[in-house]
Amino acid sequence: MAKQYSLSNVAVIGMEWGDEGKGKITHYIAEKAYVVARFNGGNNAGHTIEANNNKTVLHLIPSGVMYSNTLNIIGNGMVVDPKALVHEINNLKKIKVSVSAENLVISENAHVILPTHIEEDKKAGGKIGTTARGIGPAYTDKAARVGLKFYEFADDALFRKRFGQEEFYSEYSGYAQQLRQFVNDTALIINSALGQNKKVVFEGAQGTLLDLDFGTYPFVTSSTATTGGICTGLGVAPKRIQSVLGVCKAYKTRVGLGPFPTEITGSIGEKIQKTGKEFGATTGRKRRVGWFDALIGKYAVMINGIDSVAITKLDVLTTVEKLKLCVAYKYKGSIIKNFTTNMKILQNCQPVYEELDGWWDDLTKIRNYDQLPNNAKKYLRRIEELLKVPISIVSVGPKKEQTIVTRPEFLV
Ligand code: GDP
Ligand code: IMO
Ligand code: MG
């Protein structure tokens, strides 16, 4: 008899600097979900889904949208660019994915990104290497208590009162008219679903090292990308979160500026960058590539309370003869075993590596853990040992079916 598992919700959280494959993994899990909810960030995110011979990059809409029975929630912790959202909805319609008030809800408390925020980000975001989507300035206004909430934006009298004199007003009141139908109290909706034990997936954007508090500040985003963001960004109490699935690449990448201890320069880095098609899904920028860093992994497990890990892009490492795993940092002659966000230290750390043999087999058609080459299994087992959490999913390609579930008890 098939074993029954009792989880009804799972959080999908990026363990590094974003782009770990959260979109693919969320979409995979979401097939069974009643709700998929985003809680942080905005259209700085780019979550790629490959299913039914279509490749779609979602920026604001949660990755459950491909399924007709899933309700997608844009939580209060997000900052929403109305123009980008209208554009995304229209693009989905072109590929016959319908978006209506039946399957999309925007929190009335989400904050609005206005053209002024984008202008400001374009001017000031360069020194961080932001996505120039207005994210930081919109969150700054939220914290300064001068931001525009979505319910005000959707109410023409309120929006006009504050922004009627602005050049963008008439264009944006058009977007408000189109988006009004989606605005609702999402905390009530999600808590009602949780109360009825309906399956819920919390979809993180960015990743642990881009988190405003726990990331490599100042080279971070302006929201809470870690598990705690679910509580503040959706109105879900901490004790309600049943399982946390950390998503982590089999190697590391980073877009934008900031320290990256295991960064690989030279031909191996270029090879992985090319094979992994490591270009940003939002800005198209080349992603920097590095070896697996167990210090980052352990740190992400601790900060997020990760119960199990989805390892993505294992297929990309095929034909890399020797794989390096960073197990410690050397700093001024001493050994550090824990990740640090103290930039003064991190910038001057040298990685200490273990080396494992690679494999030559193509993994992209493998659907069963036992069929993975021995050296790939050894690599995965070593990661489990170092992180002290089980791997529940191994991803061997961008497509939904290129997914091996090893521990279903950690998923919904
Ligand atoms: P996200 O922001 O975390 O959702 O990740 P992105 O979509 O920005 O970047 C991940 C990229 O890797 C996308 O192009 C995915 O289609 C692709 N991808 C995801 N999982 C795998 C995998 O297991 N193997 C390969 N080769 N590509 C993958
Ligand atoms: P997903 O959800 C990768 C990075 C930017 C920059 C820093 C700050 O697709 O994983 P911001 O525009 O947020 O103020 O930029 O954060 N960044 C991401 N990198 N994936 C993302 O999202 C990112 N969102 C922001 O490149 O370094
Ligand atoms: Mg991305």
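Scroll up to find the structure this text is about.
Here goes a summary of the coordinates provided. (Residues numbered from 1 in each chain as written. Chains lettered and ligands numbered in written order. Predicted model: local features only at pLDDT ≥ 70, side-chain atom pairs only at ≥ 80, totals over all residues. Heavy atoms only, no water.)

## As for the overall build of the chain
Secondary structure assignment for the chain yields 13 helices and 20 strands. A compact globule built from 412 residues should have a C-alpha radius of gyration of about 22 Å, and the chain, at 21 Å, falls within 12% of that. Here the chain holds 412 residues, and 57% of them are scored as buried. The long-range fraction of contacts in the chain, counting pairs at least 24 apart against all pairs at least 6 apart in sequence, stands at 74%. As presented, the chain carries roughly 17,700 Å² of accessible surface, and 49% of it is formed by carbon and sulfur atoms. On the chain, the mean spot of the 53 positive side-chain charges and the mean spot of the 40 negative ones are 2 Å from each other. (Helix = DSSP H or I, 4+ residues; strand = E, 2+ residues; numbered from the N terminus. Rg over C-alpha atoms; globule rule 2.2 N^0.38 Å. Buried < 20%, exposed > 50% of the residue type's maximum accessible area, 1.4 Å probe, protein only. Contact = heavy atoms within 4.5 Å. Areas by Shrake-Rupley, 256 points an atom, 1.4 Å probe, with all protein chains shown as cover. Lys, Arg positive; Asp, Glu negative; His and termini not counted. Charge placed at Lys NZ, Arg CZ, Asp CG, Glu CD.)

## A few points about the side chain of Thr208
Of note, Thr208 is situated in the loop between β10 (200-203) and α9 (228-234). Overall, the relative accessible area of 0% leaves Thr208 in the buried class. Beyond its immediate sequence surroundings of up to four residues, Thr208 is in contact with Ile13, Gly14, Met15, Glu16, Phe214, Gly215, Thr226, Tyr299, Ala300 and Asn304.

## A short note on the sheet that holds strand β19 (residues 391-395)
Strand order in the open sheet made by the 10 strands is β9-β7-β5-β2-β10-β1-β11-β15-β19-β20, with mixed pairing throughout. For this open sheet the edge positions go to β9 (183-184) and β20 (403-405), each flanked by a neighbour on one side alone. In the sheet, strand β5 (residues 71-74) pairs with strand β7 (residues 104-107) via three bridges, with the strands oriented parallel. Its bridge partner being in β7, Ile74 is matched across the sheet by Ile106. (Pairing = 2+ DSSP bridges.)

## Some words on the packing of helix α2 (residues 82-94) against helix α7 (residues 169-179)
With their axes 9 Å apart at the nearest point, α2 and α7 run at an angle of 50 degrees to one another. Regarding the angle of α2 to α7, the classification is oblique. The handedness of the crossing between α2 and α7 is left-handed. Contacts from Pro82, Lys83, Leu85, Val86 and Ile89 in α2 reach Glu171, Tyr172, Tyr175, Gln178 and Leu179 in α7. Tallied by class, the residues present in the contact of α2 with α7 amount to seven nonpolar, one polar and two charged. (Axes fitted to C-alpha atoms, helices over the stretch in contact; angles between N-to-C directions. Parallel < 35°, antiparallel > 145°, perpendicular 65-115°, else oblique. Left-handed = near helix turned anticlockwise from the far one by under 90°. Nonpolar A, V, L, I, M, F, W, Y, C, P; charged D, E, K, R; others polar.)

## Things to note about the site of ligand 2
Around ligand 2 sit 20 residues, and of these Asp19, Lys22, His47, Thr131 and Thr221 come closest. Between ligand 2 and Gly129, the relevant distance is 3.4 Å, taken from an oxygen atom to a main-chain nitrogen or oxygen of the residue. Taking Thr131, its side chain carries an N or O atom lying 2.6 Å from an oxygen atom of ligand 2. When ligand 2 is considered free in solution it has 550 Å² of accessible area, and contact with the protein chains removes 98% of it. Residue assignment places the shell around ligand 2 across two domains, with domain 1 (9-244) and domain 2 (248-410) each supplying three or more. (Near = heavy atom within 4 Å. Polar contact = N/O pair within 3.5 Å; in protein donor to acceptor, adjacent residues only side chain to side chain. Domains from an automatic or database assignment.)

## Considering the coordination of the magnesium ion (ligand 3)
Taken together, Asp19 (OD) and Gly46 (O) make up the full set of protein donors to the magnesium ion (ligand 3), lying 2.1 to 2.2 Å away. One end of the pair, Asp19, is in the loop between β1 (9-14) and α1 (22-30); the other, Gly46, is in the loop between β2 (35-38) and β3 (47-51), and 27 residues separate them in sequence. (Donors = N, O, S within 2.8 Å, 3.2 Å for Na, K, Ca; no water.)

## Regarding the side chain of Asp121
In this fold, Asp121 is placed in helix α3 (residues 115-124). No salt bridge is formed by the buried Asp121. Its closest oppositely charged neighbour is Arg133, at 7.6 Å. For Asp121, the side chain forms a polar contact with the side chain of Thr130, separated by 3.0 Å. Those residues in contact with Asp121, other than ones at most four positions away along the chain, are Gly126, Thr130, Ala132, Arg133, Gly134, Ile135 and Pro137. (Salt bridge = Lys/Arg side-chain N within 4 Å of Asp/Glu carboxyl O.)

## Some points on the layout of surface pockets
A water-sized probe rolled over the atoms picks out the places where empty space is left. If you add up the space inside the second largest pocket, you get close to 620 Å³. Together, 26 residues line the second largest pocket, and Thr48, Glu50, Gly276, Lys313 and Pro398 are the ones closest to its centre. Put simply, the parts of the chain that give the lining of the second largest pocket at least two residues each are α1, β3 and β4 (54-58). Of the residues belonging to the lining of the second largest pocket, the class tally is five nonpolar, 10 polar and 11 charged. (1 Å grid on protein atoms, 1.4 Å probe; cavity = no way out; pocket = protein on both sides within 12 Å on 5 of 7 lines; lining within 4 Å. Points joined across faces, edges and corners; volume = space filled by probe spheres on them.)

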